[in-house]
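As a plain string of letters, each chain reads:
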Amino acid sequence: MINAMQKLALDFLYEKIGNEEDINNLEKWFSEINKKNPYKILPFLIEAIPSDRKVLILEADKNDVELLNVIASEIKDETDKYPFVKPSSGNSPQIGPILKLGYSAKQGFSPKPKIMKKTLEKWQIIAESENDYSDYFEDIIEILKRPKINILNKDVVLWKEKNFNNPIDCLIAKEGNNFKDSIIAIRNSNNELPGESKKYSQYLQENLIKEKYMPNKLDRVFDKTCSLCEKSNIEVYANGLKGAGINLGNIDRIGSFSGLELQNAWKNFAICSDCADLIYIFKNHTLKENPQTKRKPYQMYIAGEKTLILPELSDNLDNRKKLLKRINNVISLSEESTITVEERLWKVLLEEKAILNLNFYWLKIGQSIEDLQGSIQDVLPSRLKKISEFNLESRKWKSAIFPENHINDLSQVDLSLNSLKLTFRRPGGEKAKKINKSENLKRLRREIAGNIYHKTKIQEKRFWTEIMITAEYYLKEIVEKGDAYSLLNEGKTKQGKTYLTFAGWIRHLAWWLYYLKKMEVMKMNGEIYCPQSELLKPYFAEESGIDSMEKAFAFTLGVLYGRLLLLQGAKKINVSSNALTWLKRLTLKGADLPELYVKTRQKLLAYDAEGNENVREVIKELGSLGIKLGDNIKLDSIATNYFLLLGQSMSNTVIPSKKDEEKKEN
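To start, this report covers the structure provided alongside it. Counting from 1, residues in each chain are numbered in the order their sequence is written. With pLDDT at 70 or above as the cut-off, local features in this predicted model cover only qualifying residues; side-chain atom pairs require 80 or more to be listed or tallied, and sums for whole chains, interfaces and linings still use all residues. Hydrogens and waters are ignored; side-chain quantities use all the structure's heavy atoms.

Describing helix 23 (residues 637-654)
The criterion, for reference: Counting from the N terminus, the helices are DSSP H or I runs at least four residues long and the strands are E runs at least two residues long. To estimate how far a helix should extend, the number of its residues minus one is multiplied by 1.5 Å. Residues adjacent in sequence count toward polar contacts only when both atoms are side-chain atoms; beyond that, a polar contact is any pair of N or O atoms within 3.5 Å, and within protein one must be able to donate a hydrogen and the other to accept it.
Spanning 18 residues, helix 23 covers 24 Å between terminal C-alpha atoms, matching the ideal 26 Å at 1.5 Å per step. Two to three positions downstream of the cap, the backbone nitrogen of I638 sits 3.2 Å from a side-chain oxygen, assigning the N-cap of helix 23 to D636.

Considerations on helix 20 (residues 549-570)
Owing to its 3.6 residues per turn, the α-helix aligns residues three or four sequence positions apart on the same side. The terminal C-alpha atoms of helix 20 lie 32 Å apart, and with 22 residues this matches the ideal 32 Å at 1.5 Å per residue to within 8%. The first or second residue beyond helix 20 is K572, which carries a positive phi of 60°.

Notes on the sheet that holds strand 12 (residues 305-313)
Which entries qualify depends on this criterion: Paired strands are those between which DSSP finds at least two bridges. Whether two residues are in contact is decided by their heavy atoms: any pair within 4.5 Å suffices. Helix axes are fitted to C-alpha atoms over the stretch in contact, other axes to C-alpha atoms as well, and angles between N-to-C directions run from 0 to 180 degrees.
Strand order in the open sheet formed by 5 strands is 10-14-13-12-11, with mixed pairing between adjacent strands. Every interior strand has two partners, whereas the edge strands, strand 10 (246-247) and strand 11 (299-302), have only one. Pairing between strand 12 and strand 13 (residues 355-365): 6 bridges, direction antiparallel. Its bridge partner being in strand 13, I309 is matched across the sheet by F360. Where helix 1 (residues 2-17) meets the sheet, its contacts fall on strand 10, strand 12 and strand 14 (369-379), and the angle it forms with strand 12 comes to roughly 75°.

Considerations on the packing of helix 17 (residues 460-481) against helix 23
Keep this limit in mind: With respect to orientation, any angle under 35 degrees is reported as roughly parallel, any angle over 145 as roughly antiparallel, any angle of 65 to 115 as roughly perpendicular, and every other angle as oblique. Two helices that cross are described as forming a left-handed crossing if the nearer one is turned anticlockwise from the farther one by less than a right angle, and a right-handed crossing if clockwise.
Following both chains from N to C, one finds helix 17 and helix 23 inclined at 45°, their axes separated by 11 Å at the closest point. On the basis of the axis angle, helix 17 is oblique to helix 23. Considering the relative orientation of helix 17 and helix 23, their crossing is left-handed. Contacts between helix 17 and helix 23 involve W464, M468 and A471 on the former and, on the latter, I638, N641, Y642 and L645.

Quick notes on unusual backbone geometry
For the bond running from S110 to P111, omega is 0°, close enough to zero to count as cis. Checked against the element boundaries, P111 lands in the loop between strand 4 (108-110) and helix 4 (113-127). We note that N233 has phi near 55°; this positive angle belongs to a residue other than glycine. A positive phi is found at K584, a non-glycine position, where the angle reads about 50°. Looking at the element boundaries, K584 is found in the loop between helix 20 and helix 21 (593-606).

Details of the environment of L410
Let me state the cut-off plainly: Each residue is placed in one exposure class: buried if its accessible area under a 1.4 Å probe, protein chains only, is under 20% of its type's maximum, exposed if it is over 50%, and partly exposed if it falls in between.
Residue placement: L410 occurs in helix 13 (residues 408-411). With relative accessibility at 1%, the residue L410 sits in the buried group. Separated by 198 residues in the primary sequence, L410 and K212 place their C-alpha atoms 46 Å from one another.

Some details on the packing of aromatic side chains
Our working definition: For this analysis, a ring pair means two rings from Phe, Tyr or Trp (six-membered ring only for Trp) whose centres lie within 6.5 Å, classed as stacked if their planes differ by under 30 degrees, edge-to-face if by over 60, and tilted for the remaining angles. Put simply, a charge is over a ring when the Lys NZ or the Arg CZ is close to the ring centre, within 6 Å, and near the line of the ring normal, within 35 degrees.
Inspection of every chain in the model, using the stated rule, returns 33 aromatic pairs. Each ring, one from Y133 and one from Y203, has its centre 5.2 Å from the other, and the planes form 70°; the classification is edge-to-face. Taken as a pair, Y133 in the loop between helix 4 and helix 5 (134-144) and Y203 in helix 7 (residues 198-213) lie far apart in primary sequence, 70 residues in all. Geometrically, the ring pair formed by F540 and F555 is edge-to-face, given 5.4 Å between the ring centres and 85° between the ring planes. Taken together, the residues F540 in the loop between helix 19 (502-518) and helix 20 and F555 in helix 20 connect sequence positions 15 residues apart. For the pair shown, F540 and F555 are each scored as buried. Three or more aromatic residues link up through ring pairs in this structure, and these residues are F390, W397, F402, W511, W512, Y514 and Y515. Here the guanidinium or amino end of K180 rests over the ring plane of Y103, the centre of that ring lying 4.1 Å away. A cation sits over an aromatic face here: K212 above Y280, 3.8 Å from the ring centre.

This is how it looks when you write it as C-alpha cells:
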C-alpha cells in the first residue's frame, strides 16, 4: 500500500519537474534533488489548497499605523501564494502566517484562542532568533499588534477592548460563520503573501522536517533503518507516517493492514524523511482533485462506498507516464457523467501495461488518510477483464423468473459492484437509516466484491442472514400499510417510471443469485426439478434454482398464496390481519408448508377462486408434490421463505387477471 503510494508520487513529481536524463532510477533522482536543490521539491511538500477556497487577507493599512484591514478574496489560480503546512497535531502552534479556518459541530471554530496564543509565542521566539528569516516573523508580529481591525469594510473593532487576545481571534469570532473552511493569510509590509516571500520559503525549507515529522525531540532517532526503503544508518522519524498524512493506527502490529513490510520496523514504524516526503506528496498532490471537475484520481465508489484504488506498477517509466496521462485526461472530462467517467477509468486500469495488479482500500481521505475499514489485495486486471465481459453478457439474460421491469442500479451490474448496496438496502426511510449505514452491511458488500474479484466462495450463511433481514423490513412495511400490492407486483407508475417493490426486489434477487452462481462464487444448483404443469415449466428453468421437490412445493405454494392475497385485497380485506399473518414474520420452515397449503385452499374455496383454470392447474401440481413429499417437508427457514416469496412475486404472472390477459392479447 505505502510502496504503491510512493511510486505514484514519484511518477507525479517526475512529470512535474523531471527530465529525460533521470529516467533510470527515480528513487535515487528524488533523494539527490532533495539534498542538492530542496527548493524544487518545496512546493510539493506543502498542502495543496483547493483553488475554489475563499481567503481572508490581513494587511497593514498604509495611512493609519494603528489599523489592520481584512479583505476577502478567492484563491483561483494563485495557490502557490498560500503555502499551507498542517501542524503536527491539533494542539500544536500554526506553522506560519497562513491558517485554515476550520469548523466542526463538536469543536467549533479552529484555530482556537489557546492555539493562537501558542502560535504567537512561537513566532515571537523565531522573531527574536538570529536566523535569516527572523525579521520576516518580526514584521508579521508587529502587524498583528495593531489595535484596530477593519473587517471587510463593515466593522472597525478595537479588539483588545473586546477582550480578544489578538486580531485573528476577533476575526474568527466575527466572520467565522460566513467563511467556514476558508484560508486566513497575513500580507507582510513588503506587500507579499506568504508564498511570495523568499524569507518565508527559506524558513519552510529549513523547518519542514521538524514541523511535520518530529513534533517533539524524541521523534527523531539516529543510526536506524527506514521501515520502508530499508536504508540503514540514517535518521528516521517515529511520527513520519502520521506527519505525512497516513494515520491508520496500530501500524507497529504485525498484520495490522496489508502492504506494510514490518520485518525491519523500529518502534512505531519509523521512516526516513525521503519516504515521508513521498507519502506527503501522494496525499496532498497526487490525489489532488481536478479544479474544474472536482474529481480525484485513483478514487471511485466500489460496493457502494468511496474507495482508494492503488495499482502495483511495473518498472517501465514510459508505460507509467502513459498511465498518469490517461488518468488525468479522464478526470478532466467536465461534460461526462460520473458513471461514464468511472467506466473510462476502469478501461484505463484494465488496459494499461504499467499496471501489474490493483488493490482496493476503504478508508477516509481528509486531513489524513485514516480509518481503514477493509481492503481487497492483488486483483489481476485479467480477472477484472473477464468479469467485465461476463457483466456485458449478463445484461442479455432472459428468464421468466427475472424482473420484467429492470431497475438498472440492481441488475445491470458493472465492475464497481455498487448495485450490491441497493440489493441489501432496507426500506423504511428514516426508520431504516441507521441499519442501512451499519458496518455489518458495509463489510458484507466489501467481502462479496472481494469474492467476485478473486473468484472465491461467498460466506452463504452470512449472505442469507442479511438478505432475510432485508426481506423482513419489506414485509414489515407491507404489514404497516395493510396492502399486499408491493408483495405481488413490480413497481411501475402510469408514466412508465419504475420503482422498487418487495416483489421486484425478490425477482432482482433471483437475478443476483444466478449471477453469483454463474460467477462460481456461490454453490451451484443441483438438477432443476421439472414440473408436470406446462403452465409452470417456464418458471422452473436453471435461473430459478428450484432443484428439489421441497423447493418446488414452496415456490408453487407461493404462487397460490399470492393469488389469495390478491383476492383479499380486491375484496378490501385488510391482509395484515388475515392471510399475511400466516407468513409468521418469515420464520416458516418446510414442516409448516402443509398447514399453510390447507389454510390457503380453504380460503380460495370460500372465494370460489378455483373456477380459474390456471388456479386449478397450480393446485394440481401442488397435490402431486404433496403426495410425493408427505407432511414432513424438510426445508430450512431460509429456503422455505425465499422460494415462497419468489412464488408470490410471480403469482400475477403465472395467474394473470382478466385485465392483464387482455393487455397481453392487445
